[in-house]
Amino acid sequence: MDIGIVGATGYGGADLIRILRNHPEVDNLKLYSSSQSGESIQNSFPHLQRLSEVRLQDINPGLMGKSLDVVFMATPAGISSELTPELLKEGLRVIDLSGDFRIKDSNIYEEWYRKKPAPVQWVEKAVYGLTEWNKRAVTDAQLLANPGCYPTATLLGLLPLVQRSLLEESSVIIDAKTGVSGAGRGFSAAAHFSETNENFKIYKVNRHQHTPEIEQELARWNGRAEPVTFSPHLVPMTRGIMATMYAKLTDAVTEEEVRKIFQDSYQQAPFVSVRKAEDFPETKQVYGSNQCDIGVSYDDRTGRIMIVSVIDNLMKGAAGQAVQNFNVMFGFEETAGLDFLPVYP
């Protein structure tokens, strides 16, 4: 396979390079940048000194269509919506990590992202790539909308129960924390060391752009799903997401029965692990991997279920899941290029 990465100088792009560089089905890897064409990728990432001969190329959809099989779009929101349709017209298959093709309702996208939406015809054709729940559609996708990091952790934690109508729809609360790399490489006060170190803060209260994505996908699996309360927090670590979800159960079920539902849901999922009773995952335990670890607990005093889901936001929340979808799209082993253990400590 001949692969292109647009937005190779971002954190997601760096992890895509790391994975695809050693992928057994990738022959050639070409990197593209709108602002650093001709420069070595090592200038952006000194740790890639072994790839110092690799030069960033101009983005030219016509030329890319003649030399590539698939393009990973690792760009900020608002860029892919304009460039991806040009790549699709060239016959390329595209895996978009930006979020521009996840939201099916263009009005909702514009409201939450505050950007011009992508062309409706391509949004409608885009397949939402939560691999564990949408694998059949992923196989035939020409345009793959890679899920957001928060939605990935949240949906993997909620869907087994939402699908079975075991949660009171109006009771779902999502309390999520992320590392600073989720903000990207751009300079901002919010991600400044002095303001994040030894600090813990909530942000984008009731207006985070991943909220409608979560609600859309919950409704896909249960038409009675209602709006959720989603509260994102920034913690002083580099990588990782922990989503802690609370909800009332509709039926009287035991914690063991709930855990069995999760185990049955993910028994064929190579990257999702369900923890034993009283064993809850930590972000460090999935660091650098494509793994999602889930722990559950039922409080019979309150009648609430608590679900803890952890991922690496740059891996299962971005680049790793994108490669997982790439594998499914082209009929490769789902774990190809991703079958490595987390980095610990």
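Structural data are supplied above this passage.
One structure accompanies this document, and this report is about it. (Residues numbered from 1 in each chain as written. Predicted model: local features only at pLDDT ≥ 70, side-chain atom pairs only at ≥ 80, totals over all residues. Heavy atoms only, no water.)

**A few points about the side chain of Arg239**
Consideration 1: Looking at where Arg239 falls in the secondary structure, it is placed in the loop between β9 (229-234) and β10 (241-248).
Consideration 2: One polar contact links Arg239 to Asp15, side chain to side chain, over a distance of 3.0 Å.
Consideration 3: Engagement of the side chain of Arg239 in a polar contact is seen with the side chain of Asp312, the distance being 3.1 Å. (Helix = DSSP H or I, 4+ residues; strand = E, 2+ residues; numbered from the N terminus. Polar contact = N/O pair within 3.5 Å; in protein donor to acceptor, adjacent residues only side chain to side chain.)

**Section: the pairing of β9**
For a regular strand, side chains alternate in direction, first toward one face of the sheet and then toward the other.
Consideration 1: Burial within β9 is extensive, with five of its six residues counted as buried.
Consideration 2: As paired strands, strand β7 (residues 173-178) and β9 are joined by six bridges and run parallel to one another. The residue bridging Ile173 from the neighbouring strand is Thr229, located in β9.
Consideration 3: As paired strands, strand β8 (residues 201-202) and β9 are joined by two bridges and run antiparallel to one another. In the strand pairing of β9, Ile202 is matched with His233. (Buried < 20%, exposed > 50% of the residue type's maximum accessible area, 1.4 Å probe, protein only. Pairing = 2+ DSSP bridges.)

**Observations concerning the packing of aromatic side chains**
Consideration 1: Scanning the model with the defined rule gives eight aromatic pairs in all.
Consideration 2: Geometrically, the ring pair formed by Tyr109 and Tyr113 is stacked, given 4.6 Å between the ring centres and 15 degrees between the ring planes. Of this pair, Tyr109 and Tyr113 both sit in helix α5 (residues 106-113), four residues apart, roughly one helical turn.
Consideration 3: Residue class for Tyr113 comes out buried when judged on its relative accessible area of 10%.
Consideration 4: Looking at Lys284, its charged tip hangs above the ring of Tyr287, at a distance of 4.4 Å from the centre. (Phe/Tyr/Trp six-rings, centres within 6.5 Å; stacked < 30°, edge-to-face > 60°. Lys NZ or Arg CZ within 6 Å of the ring centre and 35° of its normal.)

**Topic: helix α8 (residues 149-163)**
Consideration 1: Taking 1.5 Å per residue as the helical rise, α8 with its 15 residues ought to reach 21 Å, and the 21 Å between its terminal C-alpha atoms agrees with that figure.
Consideration 2: Leu155 marks where α8 bends most, by close to 35 degrees.
Consideration 3: For α8, a buried count of 14 out of 15 residues is recorded, marking the element as mostly surrounded by other parts of the structure. (Expected span 1.5 Å × (residues − 1). Bend = angle between axes of the 7 residues up to and from the residue.)

**Overview of the sheet that holds β7**
Consideration 1: Taken together, the seven strands give an open sheet; going across it, the order is β8-β9-β7-β10-β13-β12-β11, and neighbouring strands pair in mixed fashion. Every other strand in the sheet has two partners, leaving β8 and β11 (272-274) as the edge strands with one partner each.
Consideration 2: The strands touched by helix α11 (residues 255-265) within the sheet are β11, β12 (292-299) and β13 (304-311), with β12 carrying the most contacts at an inclination of about 160 degrees. (Contact = heavy atoms within 4.5 Å. Axes fitted to C-alpha atoms, helices over the stretch in contact; angles between N-to-C directions.)

**Digging into the sheet that holds strand β1 (residues 2-6)**
Consideration 1: The six strands lie next to each other as β2-β1-β3-β4-β6-β5, forming an open sheet whose pairing is parallel. Of all the strands in the sheet, just β2 (28-32) and β5 (127-128) have a single pairing partner and so form its edges.
Consideration 2: Where strand β3 (residues 70-73) lies against strand β4 (residues 93-96), four bridges are found, and the strand directions are parallel. Residue pairing for β4: Val70 is matched across the bridge by Arg93.
Consideration 3: Along the sheet, helix α4 (residues 80-89) contacts β1, β3, β4 and β6 (143-145); its crossing angle with β3, the most-contacted strand, is approximately 180 degrees.

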